[in-house]
Amino acid sequence: MPSSIWKSRVGGWMLLLVLVALPGTGAAGPWHAAEQNTSGWYYMTPDERIEHQRRMRGFKTYEECKSYQTEQHAKMARRALKEGVVLQPRPDSGCEQLRQRGRFE
Amino acid sequence: MNKGPGVQWRRRFTTLALTLILPLAVVWWAFPEGLTPWRSAAIVTAWAGTALLVVNLLLMVRQPHLARLLGGLEPAYLWHHRSGMAAYLLLLSHPLTLAVDGWFEAPHRAWEILAPWAQSWPVWLGWLALVLLMFGLATTFALRLPYRRWRGFHFALGLGVVFGLAHVYVLLGEVILLLLLIVLALLALGWRLIASDLGVASLPYRVSQVTRQVPGMIEATLTPAATALAVTPGQFVLVAFGDGTHFRGCGEYHPFTVSGVAEDGTISLAIKSLGPCSQHIQAMEPGVRVRLQGPFGTFLQESAMAPQLWVAGGIGITPFIAALRAQPRTRHTTLIYLFRRAADAAFLEELTDYANNDPHFILHAVETGKMPADFPHLLQQVDELAQHEVNICGPAPMVNALLPHLGKSGVDPEMIHYERFDFR
């Protein structure tokens, strides 16, 4: 077998191995904001949900996350109250989930 | 180049595996948990489409080693086109599945998700990417579009990928796998634009001789100005003709099969007037500066020890004349050379000389006029046809017409190889 073909095949298998090993390099995929981890999810517009998720993913520390979250919960609580609903933030919030994933410094 | 079914299948499998492995790995990594089925589907389509876009960029890199790994530029470009289409459909379904997810919550939510004015700039980046991809892809189906315009529109696709990756980056931030995808995409785009299109990875040559072969076709001999490319007969190079004393080249890279390879590194190219650039090149003169990339292709390179049947149609004669010029035939070789008019048949005199002087070489030169070739009759003239290895180079209709007759004659499909240069 010509050496160039042999080298190409070895290169191909090495590339395959690297790509197969890739998923193991991260603890998990991106965190997603959803009803289960976001108080007032149904009182947010789709654009607000995207922005909320984007901001949550961007925090470097747990304190920053909690500070934003407290403000966000209060805002959503006011919206819910206008419709006569009292929101109860869940203990397993986005900040807690992100901390469990080791996303904060 | 197309080999027999076994080799073809292996090469297709390799290219398919390399095309799918990155999207599958990325989807596996990014697969969401705890979301509604439609939102999960939207996330999966987004990641699969993004990874396929990166694969799509990798498949357009014109690099000889990568091309060899993918079985040649031709299959790489085929999968480049397929992966681009698949990526676009997946990415188009991303906002649509998100809208379906919104519909189950409340119908007005679906509209809020799709209406651009209800969104902000991170989402607009995604929409802009989709519009550019749609526009760029639509032009790839316009086969009659002049090459320059087609190439210009193709840049819209590259821009679409950049906006698409920017959309994901803005939404996700510094996620390691996304950064890896962005690096891969930038490397592929950078290589293609800087190394290939701007010619940084090309080698300088100079036109040392131009001969008029037949009307509408010249043969240019190129002498290396520095290092010579290691080209063998049957391969092709990407060539950009620059300027000379009285000649201004088009500067675009076009593929040309070599018609001659000399030991001192000079190579010859038969250039037929087929488009605006190749028509302009007909007026070329010695001294013109040229940039070369390659070599690419494996046609005539993996021959078996069987007697050879070569079938050439028109300009498809070039790989065979290069092989004949390189060295005398050591195996019995029959060449069927098909052309419309004798006046248009390039290298006919030279081929006749080879046939008269080389006992291993038989030439059947056939003027077909506007009629299709009578392959049953022509193949009857080849003794023990079933024992031959067949190499075909010519227009697609000729190749397609010949293949069934070779099958009926008992030629092993593994022993049939053909070359078509129909990529842009």
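Heads up: these notes are all about the structure in this document. (Residues numbered from 1 in each chain as written. Chains lettered and ligands numbered in written order. Predicted model: local features only at pLDDT ≥ 70, side-chain atom pairs only at ≥ 80, totals over all residues. Heavy atoms only, no water.)

The next subject is the sheet that holds strand β8 (residues 333–339) of chain B. Residues and elements named next belong to chain B. With parallel pairing, the five strands of this open sheet are ordered in space as β9-β8-β7-β10-β11. Pairing within the sheet leaves two strands with one partner each, and these edge strands are β9 (361–367) and β11 (416–419). Neighbour to neighbour, the strand axes of the sheet diverge by 15° on average, direction disregarded. In the sheet, strand β7 (residues 308–313) pairs with strand β10 (residues 389–393) via five bridges, with the strands oriented parallel. Paired with V311 across the two strands is I392, which belongs to β10. Its contacts with the sheet place helix α11 (residues 348–357) against β8 and β9, and it is angled at close to 145° to β9. Against the sheet, helix α13 (residues 396–408) touches β7, β8, β10 and β11, its axis set at about 165° to β10. (Pairing = 2+ DSSP bridges. Helix = DSSP H or I, 4+ residues; strand = E, 2+ residues; numbered from the N terminus. Axes fitted to C-alpha atoms, helices over the stretch in contact; angles between N-to-C directions. Contact = heavy atoms within 4.5 Å.)

Turning our attention to the state of the cysteines. This model, assessed by the stated rule, comprises two disulfides over all chains. Between the sulfur of C65 of chain A and that of C95 of chain A lies a disulfide, 2.0 Å long from S to S. As the torsion about the S-S bond is roughly -95°, the C65 of chain A-C95 of chain A disulfide counts as left-handed. Pair noted here: C65 of chain A is in helix α3 (residues 62–82) and C95 of chain A is in helix α4 (residues 94–100), with a separation of 30 residues, a long-range link. Assigned by exposure class, C65 of chain A and C95 of chain A land together as buried. Two residues, C250 of chain B and C277 of chain B, share a disulfide whose sulfurs are 2.1 Å apart. Its S-S torsion of approximately 95° makes the covalent link between C250 of chain B and C277 of chain B right-handed. With C250 of chain B in the loop between β3 (236–241) and β4 (254–261) and C277 of chain B in helix α9 (residues 276–281), the pair connects residues that are 27 residues apart, well separated along the chain. Residue classification places C277 of chain B among the buried positions, given a relative accessible area of 10%. (Disulfide = S-S within 2.5 Å. Buried < 20%, exposed > 50% of the residue type's maximum accessible area, 1.4 Å probe, protein only.)

Now for unusual backbone geometry. Residue and element names in this part refer to chain B. Cis peptide bonds are those with omega within 30 degrees of zero, and the linkage from G294 to P295 qualifies with 0°. One can find P295 in strand β6 (residues 289–296). Residue F347 is not a glycine yet carries a positive backbone phi of 65°. One can find F347 in the loop between β8 and α11. Not every positive phi belongs to a glycine, and E384 is a case in point at roughly 50°. Locating E384 in the fold gives a position in the loop between α12 (375–380) and β10.

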